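In case you want the letters, here they are:
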Amino acid sequence: MRFFCFPLVKKTTLPMITALLLLFALPVLAFQQQDRIIKGKVTDDNKAPLPSVSVTLRGTNKSVTTDESGNFEIAVPAGKAVLQFSAVSYVAREVAVGNQTTINTTLTLQSKQLSDVVVVGYGKSSKRNITGSITSISNENFNQVVTGSPTQLLQGKVSGLNIARSGDPNKTPSVILRGPSTLRDGANDPFYVIDGVPGANLELVAPTDIVSIDVLKDASSTAIYGARASNGVIIITTRRAKQGQTTLAYNPYVAIETVSNKIDMLSGDQLRDYLGKNGQSLVSQYNDSGANTNWQDEVMRTGISHNHNLAFNGATNNTVYAVSGNYFDNQGIVKTTNLKRTILRGNIESKFFEERLRLGLSATISNAKHRDVDQGALFSNMLTYMPTVKVRRPDGSFTEDFSRGGYLNPVGIIANNLFDYKEQNVLVNGLAEVKILKGLTYTLSLSNQRTRLDSSFYNNVYSGQAVGANGRAHRGAYENTKQVIESYFNYDKTFGDHNFKLLAGYSWQQDRTGDGFGVMTQNFPNDALNYNNLGVSNGLVVNNIKFDNAIISTLRLISYYTRVNYQFRDRYLFQASLRKDGSSAFGANNRWGYFPTVSAGWRITQESFMANQKIFDDLKLRAGYGVSGNSLGFDAFTAITRYDVSGKSYNNGLYLNGLLPVTNENPDLKWESTAMTNIGLDFSVLKNRISGSIDYYIKNTSDLIYAYQVPNTVYFTSTMTANVGKVKNTGIEVSITATPVQTRAFNWTTSLNASHNKNEVVSLSNGRFTAPDYYPLAYLGGKGQSGNWSQILKEGQPLGTFALWHYVGKNDAGTSTFLDKDGKVIASQPLTDALFVAGNAQPKLLFGWNNTFTYKNFDLNFFIRGVTGNKILNNTLAQLNSPADSKNNNVPVFTLGEAFTDAFAYLTSDRYLEDGAYLRMDNATLGYSIKTKVKAFNKLRVFVSGNNLFTITGYRGIDPEINIGGLTPGIDSKNFYPKTRSIIIGANIVF
């Protein structure tokens, strides 16, 4: 097209355009003319210059950094300009420019508690930006203990976390976070995540390999894991290589363990004297050989344990790798009990395409051998077996009389019975992470975990637990597998003062359990092979062969989840998440569940009105609400009708197994749901010398799963697994860390945590199922008490509520007296209608106090913890305290104060309900770091540590640290593996 007006445009339009451009440029030129240079210096609290501080003009991308002397220079426009000063590990600050041309400012070091990086679900975050309740413990603050369980490293270190362990090397500790909230045994445990793999087996982790453990307490933190997270989430992070770092580390220790306490039982001479004073004598020809045998000493020993951990971490260009091996030999204080475990770990990560792609592969294999004893039989007999007899008769056989049923020689129980377990765990995990766009990352994690369990038991021909069997053996081999796929996107974007973090993902998991078989047989020609060749047993007696009723179960879980985090000017924080879980374990009408959360935080010290205050270095208010679930303890058959073998029928010359339904179908069965409200405050004062947090929570668990009574006229069986009850926990937690003294040569850091929790059973009924006034629990038995209960499950009372007879005292004849249902004092055994609510097993306060001192090359740490406000039923003492039985069984020293004619001293009453409070010096460690001129040594430290050094308590049992989990907590009943006291000598060597 021809441009006919070109001459006119050429003459008039160009000058006009030029004029317009000048007109629009005037404000810009004016603006540029008003820019001015601001100079200044940034220092720390000690007036030392701070290099590499980012100085940014708020609302723009204009930014400079300070030089080595802390100086900076930046151009700013006129008007209300604001400069933002920020640096890693320092509290950010904003300064209004105003008319100033020179701005000198100071940045305060952040509290370590508020600046540390913590691991959250599917990612990491700074503690300062967390809106939920999370406690992070690093390896330098772990307990120095002889243990194969990572949870023991946290005992007493995390407010609200109650960990109880026995001295048994083959048992894992009981762990409860923020109070019990389920009616099912074994379903109170937190959910464990190891290096991003949900539900990984704790046997795969050597405590020495752990770098940090993060405990997610409230629902706003845990609900991203959905149906498995209502008991809290514990995330374990193991050691990984770092770019540019190559190290070889060796961490050995050896430990000497002894029993920390025993029950004072009568010696042979004391028993003979007691009986003589009461005109009595021993029964049976085997009851007196003039001996003074201490059966507790005969079955216990000094345990020698040792641990060795060798780790190599390396890096080359874009690849990092790590290999570690751990050998742990934990010799129990009960003879023959032992745990031997070897763990091998390896991982490698590489980055490609200018670090846009990260590929990782890790593999762990754990092999453990367990040797155990029949603890139920042993612990009872080592207390009650007669001290007047020798361990063996002159012919070498054990002194025992099988006609007395379960009355067995304690040493013979150990010698004549083998209990061996082997456990192998293998975990392989592959990871791919792709940086798709700036701020957008995709992660794919694939893991496969396999657990192989082999059990081997043998009762030899002399065993009192298989009399007449001529040797009895059981072998079992089972395999469980877990496959997990995690696929998720993370997006992180900043727009001026706004920061967004988005998470969206998909999870798939399949658990296959019980894949194997077990067989028991007897009648061996001799004991030479014990359980190693079952084929030589039985002969022609085929009926002696019995197979395990093994059930193979496959359970699948599919999940979709999303989370959004929003920050405005690093002061207003917001988080919301939603997870949708589907599980094959539950009823057809309730396969899917939704778990939402919302939380917010306000960093008050970032507000302008806090700019000039001198008290708080950091102050953050948090509040959150969320819902998480509990699906522990279920398999694929829980909600459907299952048939099992029940008796035999004769048909056409053959005996056939009969099948009958053993469970009722419940298409409405779903997971328990815990709704939790959490309000918290994080603070740091006095230039970060004191920091801490305070949390208040309300934890309501509904849809409790329990076996409720149903009529046989409508259902196959008399009970149905259903969702009915509600349990409430409310509590407060306080954690404080302080540095009272800090000099170049000497430093003292102290931390205190305390928590209070109140538990209540709110409801046990709904519109469909009506519960009785209470459910009787804890049938402990004992002479004349086989139908009695000692605890009740009752609305308005906490879990672990004791129901006992009320002990009034002794009458003039020395006989124990009690109150009957009408309040009348009687010198006889009351009826069950006289049982009354006598207290509960839930502690009112848990606390721990940790102190670390460093002086030059020396370091000293001691840790004290305790519990108060709980009750323990000392049923061990109750059943032992039977004066009349002293002719046949040993009795405790306590019984010397009883009248021999008191026929009711042993009755389980509130006489034996004791205060469970204690104060324990849990650990003290002294270390020395050796400075060597050998360049190969990067670190060389030796240490000596003592565990369970002393306990202050009024409890009369072996130890007041009793399991408070499960449906019948707080009961000591002759099945308690004694606690140990240990001395550990070790070293930390890094090359």
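So, here is what we can say about the structure in this document. Bear in mind that the values here come from a model prediction, so they are computed numbers and not experimental data. (Residues numbered from 1 in each chain as written. Predicted model: local features only at pLDDT ≥ 70, side-chain atom pairs only at ≥ 80, totals over all residues. Heavy atoms only, no water.)

The next subject is the nonpolar core. Counting 38 residues, the largest nonpolar core has Trp295, Val299, Val334, Leu378 and Met382 as the members making the most contacts within it. Listing elements by their share of this core, those giving two or more residues are helix H4 (268-277), helix H5 (295-299), helix H6 (375-384) and helix H7 (410-415). The element contributing the most residues to this core is H6, with five residues. If near-sequence neighbours (up to four positions away) are discounted, Met382 is found in contact with Trp295, Gln296, Val299, Met300 and Pro410. (Core = buried A, V, L, I, M, F, W, Y, C linked by side-chain atoms within 4.5 Å. Buried < 20%, exposed > 50% of the residue type's maximum accessible area, 1.4 Å probe, protein only. Helix = DSSP H or I, 4+ residues; strand = E, 2+ residues; numbered from the N terminus. Contact = heavy atoms within 4.5 Å.)

A word on the packing of aromatic side chains. Within the structure shown, the criterion is met by 34 aromatic pairs. Where Tyr122 meets Tyr488, the ring centres are 5.2 Å apart and the plane angle is 65 degrees; that geometry is what we call edge-to-face. Here Tyr488 lies in strand E24 (residues 472-495) and Tyr122 lies in the loop between strand E8 (117-120) and strand E9 (123-126), a separation of 366 residues in the sequence. Look at Tyr488 and you get buried, because its relative accessible area is 12%. Taken together, a centroid distance of 5.8 Å and an interplanar angle of 90 degrees make the contact between Phe379 and Tyr977 edge-to-face. In this pair, Phe379 sits in helix H6 while Tyr977 sits in the loop between strand E50 (971-972) and strand E51 (980-990), placing the two residues 598 residues apart along the sequence. By relative accessible area, which is 2% here, Phe379 ends up buried. Chaining the aromatic ring pairs together yields one cluster made of Tyr122, Phe191, Tyr225, Tyr488 and Tyr561. Positioned above the aromatic ring of Phe398 is the side chain of Arg392, whose terminal nitrogen or guanidinium carbon lies 4.0 Å from the ring centre. (Phe/Tyr/Trp six-rings, centres within 6.5 Å; stacked < 30°, edge-to-face > 60°. Lys NZ or Arg CZ within 6 Å of the ring centre and 35° of its normal.)

Here the focus is the pairing of E9. As judged from the four bridges shared by E8 and E9, these two strands associate in the antiparallel manner. When the bridges of E9 are listed, Val117 appears paired with Ser126. (Pairing = 2+ DSSP bridges.)

The subject of this paragraph is H6. Here H6 lies mainly inside the structure; nine of its 10 residues are buried. Of all the positions in H6, only Gln375, Ala377, Leu378, Phe379, Ser380, Asn381, Met382, Leu383 and Thr384 are classed as buried. Those residues of H6 that are buried are in contact with H5, strand E21 (357-372), H7 and helix H8 (875-880).

So yeah, pure geometry; function would need other evidence.
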